[in-house]
Amino acid sequence: MLLGFFPIFTFCSLLFLSERKMKRFAAILALLGVFWTQTSALETYYLPVPGNDYVTATMTIDNEKNLADVHVRSGAYSSDTIFDYQHGYIATRMFSRNACFILKIEKGSIPELQEIGRLAFEKQTLKKIYSPNDVWVLYEPGNSILANIKEWFLYGKAIENLCRDLPIYKLVKTQAPLDSRACANAGIPSILGIKICEKLS
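Residues numbered from 1 in each chain as written. Predicted model: local features only at pLDDT ≥ 70, side-chain atom pairs only at ≥ 80, totals over all residues. Heavy atoms only, no water.

Brief notes about the state of the cysteines
As a reminder of what qualifies: Cysteine sulfurs are considered disulfide-paired once they come within 2.5 Å of each other. We count a stretch as a helix when DSSP gives it H or I for four or more residues in a row; a strand needs E for two or more, and each element gets its number in order from the N terminus. The buried label goes to any residue with under 20% of its type's maximum accessible area, the exposed label to any with over 50%, and the partly exposed label to all in between, with areas taken from a 1.4 Å probe on protein chains only.
Inspection of every chain in the model, using the stated rule, returns 2 disulfides. Across the disulfide from Cys-183 sits Cys-197; the S-S distance is 2.0 Å. Its S-S torsion of approximately 110 degrees makes the covalent link between Cys-183 and Cys-197 right-handed. With Cys-183 in the loop between strand S9 (172-173) and strand S10 (184-188) and Cys-197 in strand S11 (residues 192-198), the pair connects residues that are 14 residues apart, well separated along the chain. Accessibility expressed as a relative area gives 15% for Cys-183, which makes it buried. Taking the relative accessible area as the measure of exposure, Cys-197 reaches 3% and is therefore buried.

The structure is reproduced here in structure tokens:
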């Protein structure tokens, strides 16, 4: 009787151990998946705009090149924005104005790339709603340039591809104006707004 019981007990113990090992293996795989997500070269996010079904936004983060590429589709007010942390510049192409606007990244006023990725991940997967941080900037109308080789070297290839053959306006940070109706919206919806305003003479 005891001899018959021992093989059954041993089999059940092995089954239990293998089940524990399988759970441990699954946990390790899940952990590796988290690390892979954090370190993979490209991460793409869909960023819906709360209460506005007519605006769509996507963002791709390239960790190897240390940049984020944002596309906002909103009819005539669509924009593309490059956050190039390697070269230290943000460039926005405003389709309504057929121009590019370039801002130097200042530490403390623009979140790091990893922080932008974390906020986008939480917004997409956890459906979190953020009040975006807004950066207000000014440009001088009639003070545009067409970039040359030296400037493209400074701004980097990604910004060159975005802004080549377009007039470029350099942006400077400012405070929110009393009347912001004439300011254009760009940046990352619900995460980081870039409010581009014309400097009044």
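Some points on the nonpolar core
Test applied: Side-chain atoms within 4.5 Å link the members of a nonpolar core, which is a set of buried Ala, Val, Leu, Ile, Met, Phe, Trp, Tyr and Cys residues. In what follows, a contact means two residues having at least one pair of non-hydrogen atoms within 4.5 Å.
Residues Leu-47, Met-59, Phe-83, Phe-101, Ile-110, Ile-188 and Ile-196 are the most contacted members of the largest nonpolar core, which totals 35 residues. Looking at this core, the elements with two or more residues in it are strand S2 (56-62), strand S3 (67-73), strand S5 (89-94), strand S6 (99-104), helix H2 (113-125), strand S7 (133-139), S10 and S11. At 4 residues, the largest contribution of residues to this core is made by H2. With near-sequence residues (within four places) excluded, Phe-83 lies in contact with Asn-66, Leu-67, Ala-68, Val-70, Tyr-89, Ile-90, Ile-110, Ile-116, Ile-188, Leu-192 and Ile-194. Counting 13 residues, the second largest nonpolar core, distinct from the first, contains Trp-152, Ile-159, Cys-163 and Leu-166.

Some remarks on H2
Rule in force here: Multiplying one less than the number of residues by 1.5 Å gives the expected span of a helix.
Compared with an ideal rise of 1.5 Å per residue, which puts 13 residues at 18 Å, H2 spans 18 Å between its outermost C-alpha atoms and is within 8% of the ideal. Summarising the contacts, the buried residues of H2 are in contact with strand S1 (42-46), S2, S3, strand S4 (79-84) and S10.

Remarks on the sheet that holds S2
So the rule is basically this: If DSSP finds at least two bridges between two strands, the strands pair. Fitted lines through C-alpha atoms give the axes, limited to the stretch in contact for helices. The angle between two N-to-C directions lies from 0 to 180 degrees.
If you trace the 7 strands from one edge of the open sheet to the other, you get S1-S2-S3-S4-S5-S6-S8, paired in mixed fashion. Looking along the sheet, the strands with just one partner apiece sit at the ends: S1 and strand S8 (168-170). Between one strand axis and the next, the sheet turns by 15 degrees as a mean value, whatever way the strands run.

Quick word on the packing of aromatic side chains
Put simply, the test is: Only Phe, Tyr and Trp rings take part, Trp by its six-membered ring, and two of them pair if their centres are within 6.5 Å. Stacked means planes under 30 degrees apart, edge-to-face means over 60, and tilted covers everything else.
Under the criterion given, the structure shown has 5 aromatic pairs. Relative to Tyr-155, the ring of Tyr-89 has its centre 4.9 Å away and its plane inclined at 80 degrees; by these criteria the two rings are edge-to-face. Remark: Tyr-155 occurs in helix H3 (residues 149-155) and Tyr-89 occurs in strand S5; sequence separation between them is 66 residues. Judged by relative accessible area, Tyr-89 falls into the buried class, the value being 12%. Each ring, one from Tyr-139 and one from Tyr-169, has its centre 5.0 Å from the other, and the planes form 65 degrees; the classification is edge-to-face. You can see Tyr-139 sitting in strand S7 and its partner Tyr-169 sitting in strand S8, a full 30 residues away along the chain. Accessibility expressed as a relative area gives 6% for Tyr-139, which makes it buried. Taking relative accessible area as the criterion, Tyr-169 reaches 15% and is therefore assigned buried.

Here's the deal with the pattern of salt bridges
Counted only if it meets this: Note on definitions: salt bridges are taken to be side-chain nitrogens of Lys or Arg within 4 Å of carboxyl oxygens of Asp or Glu.
On inspection of all chains with the given rule, the structure shows 7 salt bridges. Between Asp-80 and Arg-73 there is a salt bridge, with its nearest N and O atoms 3.0 Å apart. Residue classification places Arg-73 among the partly exposed positions, given a relative accessible area of 35%. Several salt bridges share partner residues, and in doing so they unite Glu-115, Arg-118 and Glu-122 into one network.

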